[in-house]
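Residues per chain are reported as follows:
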Protein chains: 2
Amino acid sequence: MRFNNIQAIVSVMAAAAIASTEASAADLSSPGGIVTVHADVVGGVPVYSIDYKGKPVVKTSALGLELADGPDMTGGFKLIETTTSSTDETWHPVWGENSSIRNNYNELLMRLDQPEHYRKMNIRFRVYDDGVGFRYEFPAEGVLTYFIIKEEKTQFAMTGDHTAWWIAGDYDTQEYDYTECRLSEIRGKMKDAICSNASQTQFSPTGVQTSLQMKTDDGLYINIHEAALVDYSCMHLNLDDKNFVFTSWLTPDAQGNKGHLQSPCHTPWRTVMVSDDARDILASNLILNLNDPCAYDDTSWIKPVKYIGVWWEMIGGGKQWSYTNDLPSVKLGQLDYTSTKPHGQHPANNENVKKYIDFAARHGFDQVLVEGWNVGWEDWFGHSKDYVFDFVTPYPDFDIKMLNEYAHSKGVRLMMHHETSGSVRNYERHMQKAYDLMDKYGYNAVKSGYVGNMIPRGEHHYGQWLNNHYLYAVTEAAKHHIMVNAHEAVRPTGLCRTYPNLIGNESARGTEYESFAGNKPSHTTVLPFTRLQGGPMDYTPGIFEMDMKKVNPQSQGHVNSTLARQLALYVTMYSPLQMAADVPEVYNRFMDAFQFIKDVPVDWDESRYLEAEPGRYIVAARKAKGGDDWYVGCTANEDGYESALSLDFLDPGKKYEATIYADAKDADYLTNPQAYTITTKKVNAKTKLKMKAAPGGGYAISIKPL
Amino acid sequence: MRFNNIQAIVSVMAAAAIASTEASAADLSSPGGIVTVHADVVGGVPVYSIDYKGKPVVKTSALGLELADGPDMTGGFKLIETTTSSTDETWHPVWGENSSIRNNYNELLMRLDQPEHYRKMNIRFRVYDDGVGFRYEFPAEGVLTYFIIKEEKTQFAMTGDHTAWWIAGDYDTQEYDYTECRLSEIRGKMKDAICSNASQTQFSPTGVQTSLQMKTDDGLYINIHEAALVDYSCMHLNLDDKNFVFTSWLTPDAQGNKGHLQSPCHTPWRTVMVSDDARDILASNLILNLNDPCAYDDTSWIKPVKYIGVWWEMIGGGKQWSYTNDLPSVKLGQLDYTSTKPHGQHPANNENVKKYIDFAARHGFDQVLVEGWNVGWEDWFGHSKDYVFDFVTPYPDFDIKMLNEYAHSKGVRLMMHHETSGSVRNYERHMQKAYDLMDKYGYNAVKSGYVGNMIPRGEHHYGQWLNNHYLYAVTEAAKHHIMVNAHEAVRPTGLCRTYPNLIGNESARGTEYESFAGNKPSHTTVLPFTRLQGGPMDYTPGIFEMDMKKVNPQSQGHVNSTLARQLALYVTMYSPLQMAADVPEVYNRFMDAFQFIKDVPVDWDESRYLEAEPGRYIVAARKAKGGDDWYVGCTANEDGYESALSLDFLDPGKKYEATIYADAKDADYLTNPQAYTITTKKVNAKTKLKMKAAPGGGYAISIKPL
């Protein structure tokens, strides 16, 4: 692990080891005294609880693991020693919502002994003012070296029947719409919470995914997730809905086991964020802080990316990734595409891609994604096919050399696309040649995909095997100075701090669902509380034509958003990778609104959450990296929202002009989504703005110094 | 597929399509009229039977497959058409027992329809004078494209309670001693037939492996195996021991399925060899002939290899693959071996390897295998460890550059060793760099290994996933002009014809077991009938010190062979890769006998089996490739054997000197194994030789023109 790019460690307080001479229960509070953890061993069982400003957040909850190849580690423990220390440092991410991040916590290390089995286990807590992270550590001492996890049994005992924003627990998909309900109602709403997916495996009628956002009746916002998921299986939560106790539920492997570990090692951090202000949950850096510093010496090649792509035409427009209808069954290497008849619905062709390149160059986009450029799409999906793509052979109508040269001549890059169909052995076998091809033609970013059931068969998208693969793809890409945006991969857990060429993930229901069946209008008011806690999402906003029938007569889809809100998402959905997902023809009809997408940065010096309530609204303001411009975005649910903004984040000594992209008075996400107004206004740090978001609407503001 | 290296196709008879206007049962005989197949559809079920010189060999037996994802393909068939054709060609292997091989068969193609399910299936029979091959073919026509095999249901109905030489059916090991008994006795002898192995999974009390050798009471030798096992799971046989009917039993994947197929495709060939002369079974080229021609344009880089190695010291001598005792648990990349204390029992060190190189150079060996050269051996086995080796990092005492340069300066190469511990994802991830390292230092052959349970977990050594991997390792190696000798891989099925850089396999109980617990004295009289049918075995003969206690006081092992027989194995156990497995110190004590090992070639123009009876004795004579020397070898079981040899294979116009390495009169594999005589004698084509093999003994003769 290398620390070179932590440019300023402000202070690391000497880790003052306060070893108790006689180990006993320990309380540890956060640096500001806001959050307190109580840790103990009761009747041989390690337990913990969490308070926030004196209020219980997590009641006494058991900790431990069941093993598949030995006695469980759920009891019989003795507390040997507790040690506390404090850290206060500031680090600078390669890209992010803020150019500097403070990492300030108090730490408690509980050393445990399981004398009957001669085994040792540590539990390490880090207590922040906005929450807690803890993990199990397995030292090399003792007899535990190789072990197999049957199940991790980490409890999170809630204090009541909280309101939750949740999606169904599933080993293979995260692409569900969020449901808002009481914990006691999850079981009854589970059936409706599940829609079909190319690969899906639920495990419990009360199983949910993390990051799970909750709110208590007395106004506490609680969020459970994990950080630094490396070489371990992804955690779900299973709810005891009589007692409101969540227990960890890991993703199994092909044999039903949940992890193969070798000491010394540790689990990912289990995280509980808490605040009485919803905005603190959005602003929290707890997940990133719990991850390791950057692993790369040189990160100069990692650049945020704004891009367009040959994609929405296929997602919403009825066009095809494939090239021909002549090949219902494809065996790569045994056929010659040049002798097949093109079906003529293949937009990844030279002429069309050049059109996108021209558009990208004209409007200042960095890259053009092209999906469907490579052979195999006639037969890519749903058959557990092993050799499904080779990742290097273009279709006859895609001249990879010419198109890259053409793009580069215009200051634009093409973005690579690697759909794997879940066949990861095949992908790993071709990975080096695929990355070599990217090097050869000047690609520096790849969108990868894992649609369908996994190969090796029996493995799941979020198991240890695949989690290991996703990170392998990222670290191998780094050797080629390639950035990775992996779709259908495991939900992020802050690993982008350590591996910042992981510039995006999907891992939730993105804009594509608007063309399939729609997302709830509240969707983008939930995602920043949940999915985005772990890292950026390639949400692909910027759809201006909401009525999918106008794009494709066969489509039933409707984009559940106003046009103004589509602009706002570039601010509210933080990502260093942002797509303008609609087609150039549509943008050409709305060039005035499109200006915001052209202007909005993809990297920031500072971010503020001005107003927020999960499922209702989010208003964010961000200052451009290395600039003085600010951008504000608001997304609202189906009720709309009225903001009272104070622009006190602006430099008091400066005057600004604000360009306001707002819903028109009669705008409505369902009936009148394209009604927007664009106004300009002189503003300064004392300005108060009354803004209104229509139902399913929002607004976007660019604020530039005069 | 490329055919360039079939240097002489003598004749391919025009494939005379004799389509029946009304399809009905078909009989097809071999070119010499010796073997006849009868094929039919009875009550919707495809069936076949086989006769040999009018005697039934396989009684009417059903054909078909059960599917996991659709209706079975075991009935409801209609016979649409039968087509016959004939082929007579001669091809020249890159290496082999003979420099030219005749492939002469009549072929019957049965086209079947399963009208209820709109599916088609063909069954193709090839009938040779020494047996039959048949396979299922799934054409692209019809609705069957992707399908999952639940079980292949190919019957082999025997005519009686034959004697069989068998090992227990197992998904993960072939390293069992052979049992000779009646079919009806298999169930009762199963328990004793199984010994422990690092990875083993039996499936039935009457399950056996192929190649299965049998003998009928009226003197027919019958052998069941398979040919060209590619992208399919390996077949075992399950016996109905009331009716003496074997049914195919495939190796399952992690989900219990037995194959994922995509049409057009076909199964491997199922083979039944038959003769009334046991020598014909040994001399048969049926398995090779059923494989595809060589897939490589250039094979000039493929060379048979005679080698010694740093190996028996660890197998039998108590030395270690590992370097230190300081690391009971190893995480590669996280430790520095140079700071550990060597345990001093690591023979893969510079000094010792140089000693082997010197010995190899002095005695004309091509290569020196070095096992234990690379880091990780302290913790390589038994823990389902994923990242177990990196295949590129030498131990501190192994100077890979110096040793290769030293070897090359003496006209010797080092042989690479890649133990994978069954972690094949890890091996595939490192494979290119491992092969690159071999290129860099001038290695051109690798011994690979797959000890222990497989990763991906739940997969078996002989399932489709791994079979795909073994072939991938071979074809990727070919790109680097590297030859592969894979241990613990699936039993060979003649693929060395198509991929002749597959110069060896283990896939049975080799000489190493002599140091563990011994093989039955009859072992080497069975292997050529069974294991060697599919391709060469790296049996590692040449052990001169039979009493393992003299090598390692801790050892209980005893080599169940006389020294003379150890020489004979270089002739009786055909392989283009032959090791002299004992240590130089031992060979130095027996330099007169060692001369035979120095002399014996590893490639041949012609081979003859002079005398043979499974489980009793084998006498083979072979003529050196491109030379006039002949070599004769005899191996006998615990009863010994008396040969009456006619040297009529010699050139009638030439005189020869024979050097005879024989058991001394009082030799015995248990009590006096090192008693041998070496005599010379003038011989010619009219010479008759009476030779005697001691119990567990044999003899070896080199015959050189004067």
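Rules and cut-offs
Residues numbered from 1 in each chain as written. Chains lettered and ligands numbered in written order. Predicted model: local features only at pLDDT ≥ 70, side-chain atom pairs only at ≥ 80, totals over all residues. Heavy atoms only, no water. Pairing = 2+ DSSP bridges. Helix = DSSP H or I, 4+ residues; strand = E, 2+ residues; numbered from the N terminus. Axes fitted to C-alpha atoms, helices over the stretch in contact; angles between N-to-C directions. Buried < 20%, exposed > 50% of the residue type's maximum accessible area, 1.4 Å probe, protein only. Parallel < 35°, antiparallel > 145°, perpendicular 65-115°, else oblique. Left-handed = near helix turned anticlockwise from the far one by under 90°. Contact = heavy atoms within 4.5 Å. Nonpolar A, V, L, I, M, F, W, Y, C, P; charged D, E, K, R; others polar. Core = buried A, V, L, I, M, F, W, Y, C linked by side-chain atoms within 4.5 Å. Buried area = accessible area lost by both parts, 1.4 Å probe. Salt bridge = Lys/Arg side-chain N within 4 Å of Asp/Glu carboxyl O. Polar contact = N/O pair within 3.5 Å; in protein donor to acceptor, adjacent residues only side chain to side chain. Least-squares fit on C-alpha atoms with pLDDT ≥ 70 in both. Phe/Tyr/Trp six-rings, centres within 6.5 Å; stacked < 30°, edge-to-face > 60°. Arc of directions from axis to C-beta.

### Some points on the sheet that holds strand β36 (residues 698-705) of chain B
All names here are of chain B. Taken in spatial order, the six strands line up as β29-β30-β31-β36-β33-β34 in an open sheet, and their pairing is antiparallel. Pairing within the sheet leaves two strands with one partner each, and these edge strands are β29 (604-613) and β34 (676-683). Neighbour-to-neighbour, the strand axes of this sheet turn through a mean angle of 15°, independent of strand direction. Here strand β33 (residues 656-663) pairs with β36 via seven bridges, running antiparallel. By the bridge assignment, A658 is partnered in β36 with I703.

### Observations regarding the pairing of strand β1 (residues 26-29) of chain B
Residues and elements named next belong to chain B. The side-chain alternation of β1 yields one buried face, formed by A26 and L28, and one unburied face, formed by D27 and S29. Sheet topology places β1 next to strand β2 (residues 35-42); four bridges connect them, and they run antiparallel. The residue of β2 that forms the bridge with D27 is H38. In sequence, β1 turns back onto β2 through a hairpin of five residues, with G33 there showing a positive phi of about 70°.

### A look at the packing of helix α7 (residues 424-441) of chain A against helix α8 (residues 464-479) of chain B
Where α7(A) contacts α8(B), the two axes come as close as 12 Å, and the packing angle between them is 15°. Between α7(A) and α8(B), the interaxial angle falls into the category roughly parallel. Of the two possible hands of crossing, α7(A) and α8(B) adopt the one that is right-handed. Of α8(B), the residues touching α7(A) (which contributes R425(A), R429(A) and K433(A)) are W465(B), N468(B), H469(B), Y472(B) and K479(B). Classifying every residue of the contact of α7(A) with α8(B) gives two nonpolar, two polar and four charged.

### Details of the nonpolar core
Ranked by size, the top nonpolar core spans 199 residues in total, and within it F125(B), F138(B), F156(B), F246(B), L414(B) and F544(B) carry the most contacts. The element best represented in this core is α8(B), accounting for nine residues. Not counting the four nearest positions on each side in its chain, F544(B) is found in contact with L563(B), L567(B), D582(B), V586(B), Y587(B), F590(B), A593(B), F594(B), I597(B) and Q674(B). Residues I357(A), L414(A), L563(A) and A612(A) belong to the second largest nonpolar core, which totals 198 residues.

### Structural notes on the interface of chain B and chain A
Contact residues are listed per partner, giving 31 residues for chain B and 31 residues for chain A. Taken over both partners, the interface formed by chain B and chain A buries close to 2,700 Å², and the fraction arising from carbon and sulfur atoms is 49%. Joining chain B to chain A, the criterion identifies two salt bridges. The salt bridge partner of R429(B) is E428(A), with a shortest N-O separation of 2.7 Å. Viewed at the interface, chain A and chain B are joined by 22 residue pairs in polar contact (both at pLDDT 80 or more).

### Things to note about the environment of K681(A)
Residue and element names in this part refer to chain A. Within the secondary structure layout, K681 lies in strand β34 (residues 676-683). Looking at K681, the relative accessible area reads 37%, which means it is partly exposed. Sequence separation between K681 and E657 is 24 residues, and the spatial gap between their C-alpha atoms is 5.6 Å. Residues within four places of K681 in sequence aside, it is in contact with Y656, E657, A658, I660 and L689.

### Some points on the packing of helix α5 (residues 350-363) of chain B against helix α6 (residues 400-409) of chain B
Residue and element names in this part refer to chain B. The contact between α5 and α6 brings their axes to 10 Å, and the two run at 15°. One element, α5, and the other, α6, form an angle in the roughly parallel class. Crossing of α5 against α6: the hand is right-handed. On the side of α5, the interface is formed by N350, V353, K354, I357 and D358, while α6 contributes M402, L403, Y406 and A407. Considered class by class, the residues forming the contact of α5 with α6 number six nonpolar, one polar and two charged.

### Topic: the pattern of salt bridges
All names here are of chain A. A full pass over the atoms with the stated rule returns 70 salt bridges over all chains. E97 is the salt-bridge partner of R622, the closest N and O atoms lying 2.6 Å from each other. Here R622, found in strand β30 (residues 617-624), pairs with E97, found in the loop between β6 (78-91) and β7 (101-114); they are 525 residues apart in sequence, far enough to count as distant. We classify E97 as buried; its relative accessible area is 18%. Each of the salt bridges in this network shares a partner with another, and the network as a whole consists of E107, R124, R126, R135 and E137.

### Some points on the side chain of T540(A)
Structurally, T540(A) can be placed in the loop between α10 (523-526) and α11 (548-551). Once residues lying within four places of it in the same chain are set aside, the contact partners of T540(A) are Y307(A), W311(A), T511(A), E512(A), M579(A) and A581(A).

### Quick notes on the relation of the copies chain B and chain A
For the pair chain B and chain A, the best superposition has an RMSD of 0.0 Å and corresponds to a rotation of 180° with a translation of 0.0 Å parallel to the axis. Here the symmetry operator amounts to a two-fold rotation axis. Take the interface residues of chain B: 100% of them recur as interface residues in chain A, which is what a same-surface contact looks like.

### Overview of the packing of aromatic side chains
The geometry of an aromatic ring pair comes down to the distance between the two centres and the angle between the two planes. Considering all chains together, one arrives at 74 aromatic pairs over all chains under this definition. Ring plane angle 35° and centroid distance 6.5 Å describe the contact between W95(A) and Y574(A), whose orientation is recorded as tilted. Placement of W95(A) in the loop between β6 and β7 and of Y574(A) in the loop between α12 (563-572) and β28 (577-579) is noted, with a sequence separation of 479 residues between them. Like Y574(A), W95(A) is buried. Between W321(B) and W377(B) the ring centres are 5.9 Å apart and the planes differ by 25°, which places this aromatic pair in the stacked class. Note that W321(B) is positioned in the loop between α4 (312-315) and α5 and W377(B) in the loop between β23 (367-370) and α6, a separation of 56 residues in sequence. Across the pair, W377(B) and W321(B) agree in class, each one buried.

### Focus: helix α6 (residues 400-409) of chain A
Residue and element names in this part refer to chain A. Listing the buried residues of α6 in full gives I400, L403, N404 and A407. Buried residues in α6, looked at end-on, bunch into an arc of 95°, giving them a common side. Downstream of α6 by one or two residues, G411 has phi in the positive range, about 75°.

### Regarding the sheet that holds strand β19 (residues 260-262) of chain A
Residues and elements named next belong to chain A. The strand order across the open sheet formed by three strands is β5-β10-β19, and the pairing between neighbours is antiparallel. Of all the strands in the sheet, just β5 (65-67) and β19 have a single pairing partner and so form its edges. Each neighbouring strand pair of the sheet contributes to a mean axis angle of 50°, computed without reference to strand direction.

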